[in-house]
Each structure stands twice: as structure tokens, then as C-alpha cells.
Amino acid sequence: MSENVEKRQLLGMTPQELGEYLRELGQPAFRAKQVFAWLHQGVPFEGMSNLPKTLRQMLADACVDNPVAVLSTVQSKIDGTVKLLYRLLDGHVVEGVLMRYKYGNTLCLSTQVGCRMGCAFCASTLDGCARSLTPGEMLGQIVCANGLLESQGEGQRVGNIVLMGSGEPFDNYDNVVKFLRILRMEGGLCIGMRSVSLSTCGLVPQMRRFAEEDLPVTLSLSLHAPNDEVRRRLMPVAKAYPMDEVLAACRYYIEKTGRRVIFEYALVHGVNAAPEQAAELAGRLRGMQCHVNLIPLNSVPERGLTGVSEREVDAFKRALEQKNISVTRRREMGDDIEGACGQLRRRYMRESEPQA
Ligand code: SAH
């Protein structure tokens, strides 16, 4: 554990909160904007060149600039995708993925250390949730990835964010909302809500509340089933919220934000991938402003679930198209560097365990 764990974390504070803290240190109000900008540029306190030397020293002694540090990276030789492992101040480890698309760099962020939603196919949830991440730890992942891009000589920074790493964003509601509000601020990372996708397993009350926040991100809903029976087999959360309620919350989100909802559907062999199930799914989604994203399951041997063949994906996709549902197959990035969420972290945890 780092000695810094006791220090004050400045990333994740709003300019106003920073201003209050700096005032306590006897600083004028305009310093808040300066510090806010430096923190989001990933510049350490010593490098904050428009601050007096004494203040830089004071901050370095009492505060942490970024609560996240890159522990290791693995880069795909196929498409340049980078898997990142980050270390947090208390020693916890989370992971992320940096994807290079033609239209820019997309970073997949974690919102919790692990997850407590218990989805049968997901590696992130196998050890439960250790804790939620703070807004500063979410911003910190982006600052780290920007540092990596810079060190690789790339001019472009992270432009798009997907909240699809480990964790359930709506199980960490307040921190995620604060993160999004800071993310779009001028003088900070300045990433607009149109460049953000948030994926949820379908916590209905939070989905409805979020629709009112005026944070019009792209909402991705992890559906993975055409009906409640199948959904309950894969996702414990379906026992709390039936599909009708989840879909009604999606319609509410569409109505409030004017944005279409994306349905994530991981095809699991013998469970949810039959063409009749595609037809049933189409029936449930009829008339909705939505898009279906098919993900061939990354097999999770721990749970005995396997993915599907290309032919099964095609047949499922065609069956949806015949019913006029907009659908794509998710492009797989970085196939050679570990697939599904949570896998890299789990391998790291296993390998760093003391040998019995
Ligand atoms: N908790 C959120 C976000 C994290 S998971 C959610 O449930 O949406 C991001 C996406 O990856 C989700 O759609 C999730 O269901 C999917 N996923 C998890 N494990 C997977 C696997 N083994 N194969 C394919 N997709 C998986």
C-alpha cells in the first residue's frame, strides 16, 4: 500500500471544490482553474509552471495528482489495441482497453474493482466487488492512457469513452455522474457526452434517474436474452427487474434524450443463440429506436459457457434483419491479448498470489 493513500486526491474535484481547498491554503481563486487544467493534462505538481514554487511544493507534500498508475501494458500486434492494468493507491488493480479506430482513440474504463452483479458469463464478477472507484480514479485512467499515447508519439488523445470495463456503472451512481460532469468541462478533458457510451446490466431505478441528469450519453443495455426465463439464467439482476420494466426504462431514456439505445447481446451456445430466439427478441424490440450489437461470447471456462460459431452468429443476425431490427456484429479488437473483461486482472491476481 502506498503512503499516498492518506493524501488528498485533487483529480476528481470540481474547479469549485479545488478553489475551496486552495483558499484554505491561502491561494487566490484563479489558481483553481490552473491546477484543474494541469491535473487533466497529467502534469505532476513540480511541472505546474504557472504556480509559485512554494505552492507546488505544498501540493506535492499534501496531495496526489493522479490516484491511478499504469502497472503494465500489453499491445496487440494485429490492431494496436492496448490492454492496460492500473494500480490504485490502496493496491487494488483494475484494467482497461485502449482501442485505435480510424475516427480516434477509444478508452474502455472500469467503474468498480470487480463487480457484484453476478452475470454468469462475465469474468469481472467472479471474485465479487472489492469497492467502487472514485470520480478521480475514473478520470485518472484517461490521464494515464493519454500519457501512454503521448509516449508513443501519437498526437491524438483519447476522444471516446466507453464505460464497459469491470463494474456496474449504476451500482456506483453518484461517482459515475460526478465523473461525467467533470469529464465534459472546458479546461479539463473536455470530452462531450456524445463521445461517451455507458453500459448497464439494467438497474431500472438508476436508469430512470439517469435519464433526468441531462447527460445524454449513448446508453448500452446488456440484454443478452429474448425473455425473462433465459435472462434470469444468465443475469441475476433479471430477478429484480423483469424485461418489460427494463425496456420501459429504455424507452423513457430514448424519450428524454432523443438518443437511440444499444442492446448488447452476447451469443451463448445452446442458451440464447437460436434463430427462433432472434425472432422473439425482434418482437420485444419492435418499434423501438434501437440497435442490437451481437457479441460472440468470450468463453468463460469457469462457468461452463461457450461461444458460438460464425454460422450461428450469421443466422441470428439474419433473423433479426428479416424483422427490420438494426443489428451489427461487434468488431473484436485485440484478439491476441486477452478477450473478455476482467480476464487480464484475474490472470494478474492469480500470478501474483503467493505460491502455496
Ligand atoms: N456492468 C455493465 C458494464 C460492463 S460489461 C454491463 O453489464 O453492461 C461490458 C459488456 O461486456 C456487457 O455487455 C457484458 O454483458 C459483456 N460481457 C461480459 N462478459 C462477456 C463475455 N465473456 N463475452 C462477451 N461479452 C461479455
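Counting starts from 1 at the beginning of each chain's written sequence and moves along it residue by residue. It should be noted that, the model being predicted, local features are given only for residues of pLDDT at least 70 and side-chain atom pairs only at 80 or more, the latter also being counted only at that level, while totals for whole chains, interfaces and linings use all residues. Side-chain measures were taken over the full set of non-hydrogen atoms in the model, leaving aside hydrogen atoms and water.

K.L.:
Hey, could you run me through the pattern of salt bridges in this one?
P.N.:
Opposite charge on two side chains permits pairing when their charged atoms draw close. For this document, the term salt bridge refers to a Lys or Arg side-chain nitrogen within 4 Å of an Asp or Glu carboxyl oxygen. According to the stated counting rule, one finds 13 salt bridges in the structure shown. The salt bridge involving Glu 213 is made with Arg 181; its shortest N-O contact spans 2.6 Å. Of this pair, Glu 213 sits in the loop between α6 (204-211) and β11 (218-222) while Arg 181 sits in helix α5 (residues 173-183), placing them 32 residues apart in sequence. In this scheme, a residue with accessible area under 20% of its type's maximum is buried, one over 50% is exposed, and one in between is partly exposed, where area comes from a 1.4 Å probe on protein chains only. For Arg 181, a relative accessible area of 30% translates into the label partly exposed. Bridged by salt links that share partners, the residues Asp 90, Arg 131 and Glu 137 form one connected network. Segments assigned H or I by DSSP are reported as helices when at least four residues long, segments assigned E as strands when at least two residues long, and all are numbered from the N terminus.

K.L.:
It is not clear to me how the side chain of Thr 125 should be interpreted in this structure. Could you clarify?
P.N.:
Checked against the element boundaries, Thr 125 lands in the loop between β7 (112-114) and β8 (129-132). Residue Thr 125 is classed as buried on the basis of its relative accessible area, which comes to 8%. Setting aside residues up to four positions removed in sequence, Thr 125 forms contacts with Cys 115, Arg 116, Met 117, Gly 118, Cys 119 and Arg 303. Any two residues whose heavy atoms approach within 4.5 Å are treated as being in contact.

K.L.:
For this particular structure, what's the right way to read the packing of α6 against helix α9 (residues 243-257)?
P.N.:
Pairs of packed helices are described in terms of their axes, by the angle between the two and the distance that separates them. Interhelical geometry of α6 versus α9 gives an angle of 5° and a closest axis separation of 9 Å. One finds that α6 runs roughly parallel with respect to α9. In this structure, α6 contributes Val 204, Met 207, Arg 208, Phe 210 and Ala 211 to the contact, and α9 contributes Glu 245, Val 246, Ala 248, Ala 249, Cys 250, Tyr 252, Tyr 253 and Lys 256. Put simply, Ala, Val, Leu, Ile, Met, Phe, Trp, Tyr, Cys and Pro go in the nonpolar bin, Asp, Glu, Lys and Arg in the charged bin, and everything else, Gly too, in the polar bin. Among the residues making up the contact of α6 with α9, the classes are represented as 10 nonpolar, no polar and three charged. Helix axes use the C-alpha atoms of the stretch in contact, all axes being lines fitted to C-alpha atoms, and the angles between their N-to-C directions lie in the range 0 to 180 degrees. In what follows, roughly perpendicular refers to angles from 65 to 115 degrees, roughly parallel to angles under 35, roughly antiparallel to angles over 145, and oblique to any angle outside these ranges.

K.L.:
How should I be thinking about the packing of aromatic side chains in this particular structure?
P.N.:
The geometry of an aromatic ring pair is captured by the separation of the ring centres together with the interplanar angle, meaning the angle of the planes. Think of it this way: a Phe, Tyr or Trp ring, Trp meaning its six-membered ring, pairs with another when their centres are within 6.5 Å, and the plane angle makes it stacked under 30 degrees, edge-to-face over 60, tilted otherwise. Under the criterion given, the structure shown has six aromatic pairs. Here Phe 170 and Tyr 173 contribute two aromatic rings whose centre-to-centre distance is 5.9 Å and whose plane-to-plane angle is 40°, an arrangement assigned as tilted. Of the two residues, Phe 170 and Tyr 173, both sit in the buried class. Ring centres of Phe 210 and Tyr 253 lie 6.2 Å apart, and the angle between their planes is 5°; this geometry places the pair in the stacked category. In this pair, Phe 210 sits in helix α6 while Tyr 253 sits in helix α9, placing the two residues 43 residues apart along the sequence. Residue classification places Phe 210 among the buried positions, given a relative accessible area of 1%. What makes Tyr 253 buried here is its relative accessible area of 1%. Should the NZ of a Lys or the CZ of an Arg lie within 6 Å of a ring centre and within 35 degrees of the ring normal, that charge is described as sitting over the ring. One cation-aromatic arrangement involves Arg 208 over Tyr 252; the distance from NZ or CZ to the ring centre is 5.1 Å.

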